[in-house]
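# Observations on the three-dimensional arrangement
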Amino acid sequence: MEYTRLGSSGLYVSRLALGTIPFGSGGGFEKIAGLGPDEARRQIDEALDRGVNFIDTANLYSGGDAERVLGEVLGSRRDDVVLTSKARTPTGDGPNDGGASRIHVTRAVEDSLKRLRTDHLDLLYLHQWDGQTPITETIATANELIRAGKIRYWGVSNYNGWQLAKTVYEARLAGLEGPVAHQAYYTPEAREIEYEIVPAARDLGLATFGWSPLGEGLLNGKVRRGAETPSDTRQGTGWPEPHVVDRDRAYDLIELFDEIARELGWTIPQVVISWILGRPGIDGTVIAARRFEHLQEDLDAAELTLPQEARDRITSASQLPAYYPLWHRLLNGQDRPEPAEAEFYAEQRGHVFGEDPAQA
């Protein structure tokens, strides 16, 4: 297992984080969760034995039951892991039961600590941008929680590039601790964060961790063109995520992943995860599985190196359009290139202008 420094902090985490969305039950997650303490403990033991030291949860998962299960099974191994959780999404029907305000975030963290049976989180993510609460209030609250010893670091999730920049610079202006990491949806089918979000994070010194590398089950190998998706999979339950813009393109990519997997003797998830771990600006990704054998497959991906030829085929086939102002900068602004965007621009030039990215 490889480890990476989390942004500009001194904290080192494994490049694969163990996600706990399958843990617990309830809260609208019944179709995709359901793992009790025994199954959860088996997953945690396997992950830690493989070198994973980063565990990801959220107060949203199974209405808090994922945290309860995790807290029950971690026990004496609590200090062996970097433990994260998330706050911001509504936990009730009251006007202050959601958002990134001081009152909600503080309550949410305190409730998470009780469920997790610990006195602190190593990393708190703000799960979504809050367009109503001043970001300065959220930043101040995170710093108050650090000073109180309830969290060690904080980060954000699902933010736009401008929201990352605003958060970091408002923290700097106030002389306060800013976020050290952000978490975003990223798969070879959904590469939108390459436009603005990853370059912003690289420039600002934030680590980028992807979530749901298999696209909420879209890329697990069981979703195929013209075939009914098995009902015992997430996509077979009618789960509303992810938003797929072009379903035919997704099927084309799945067929490519299958072809490469067969050539290498791997599984489709291993091809996908290995591709993600080799991407510029991507520090790691969060894996999660209901079935133990699927977790083992995903963990194996950390020990595999996708051949360059296969990597290039996936990158080329999944390349997104060069939207404005990207195409204009490709044509007119490369006399003074931005280092945080360099690899992505080289790929775009190859895709748009037929240039060899290696020569760009």
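For the structure, see preceding data.
These figures come from a predicted structure and were not determined experimentally.

Along strand β6 (residues 121-126), 6 of the 6 residues are buried, which leaves the element largely enclosed by surrounding structure. Of the pairings in the sheet, the one linking strand β5 (residues 82-87) to β6 comprises 4 bridges and is parallel in character. Looking at the pairing, alanine 87 lines up with leucine 126 of β6. This β-α-β element, β5 to helix α3 (residues 102-116) to β6, shows right-handed connectivity.

A word on the nonpolar core. Within soluble globular proteins, side chains that are nonpolar tend to cluster in buried spots. Ranked by internal contacts, the top residues of the largest apolar core, which has 86 residues, are Ile44 and Leu164. Residue contributions to this core peak at 8 residues, all from helix α7 (residues 247-264). Counting residues in hydrophobic clusters, the runner-up holds 13 residues, among them Val13, Val82, Ala207 and Phe209.

Take empty space enclosed by the protein next. The method is simple in principle: a probe with the dimensions of a water molecule rolls over the atoms, and the space it marks as empty is what remains. Tallying each qualifying case throughout the model produces 1 cavity of 30 Å³ or more. Taken together, Ala100, Trp129, Asp130, Thr133, Pro134, Ile135, Thr138 and Tyr159 make up the lining of the largest cavity. Here the residues of the lining of the largest cavity sort into 5 nonpolar, 2 polar and 1 charged.

With that settled, the discussion passes to the sheet that holds β5. Here we have 8 strands rolled up into a closed barrel, ordered β3-β4-β5-β6-β7-β8-β9-β10, and parallel in their pairing. Going across the sheet, the axis of each strand differs from the next one's by a mean of 30 degrees, ignoring polarity. Looking at chain direction, strand β7 (residues 151-157) and strand β8 (residues 181-185) are connected through 2 bridges and run parallel. Of the residues in β8, the one forming a bridge with serine 157 is glutamine 183. On the sheet, helix α8 (residues 268-277) packs against β3 (16-19) and β10 (284-287) and is oriented at approximately 150 degrees with respect to β10.

Following glutamate 241, the chain continues into proline 242 via a peptide bond in cis, with omega recorded as 0 degrees. In this structure, proline 242 sits in the loop between β9 (207-211) and α7. A cis amide bond links tyrosine 324 with the next residue in sequence, proline 325, at an omega value of 5 degrees. By secondary structure assignment, the location of proline 325 is in the loop between α10 (308-317) and α11 (326-332). In this structure, serine 62 is a non-glycine residue whose phi angle is positive, near 50 degrees. Note that serine 62 resides in the loop between β4 (54-56) and α2 (65-74). In this model, arginine 88 sits at a positive phi of 140 degrees, which is unusual for a non-glycine residue. Residue position: arginine 88 is located in the loop between β5 and α3.

How each quantity is defined
- Residues numbered from 1 in each chain as written.
- Predicted model: local features only at pLDDT ≥ 70, side-chain atom pairs only at ≥ 80, totals over all residues.
- Heavy atoms only, no water.
- Buried < 20%, exposed > 50% of the residue type's maximum accessible area, 1.4 Å probe, protein only.
- Helix = DSSP H or I, 4+ residues; strand = E, 2+ residues; numbered from the N terminus.
- Pairing = 2+ DSSP bridges.
- Right-handed = clockwise from strand over helix to strand, strands pointing away.
- Core = buried A, V, L, I, M, F, W, Y, C linked by side-chain atoms within 4.5 Å.
- 1 Å grid on protein atoms, 1.4 Å probe; cavity = no way out; pocket = protein on both sides within 12 Å on 5 of 7 lines; lining within 4 Å.
- Points joined across faces, edges and corners; volume = space filled by probe spheres on them.
- Nonpolar A, V, L, I, M, F, W, Y, C, P; charged D, E, K, R; others polar.
- Axes fitted to C-alpha atoms, helices over the stretch in contact; angles between N-to-C directions.
- Contact = heavy atoms within 4.5 Å.

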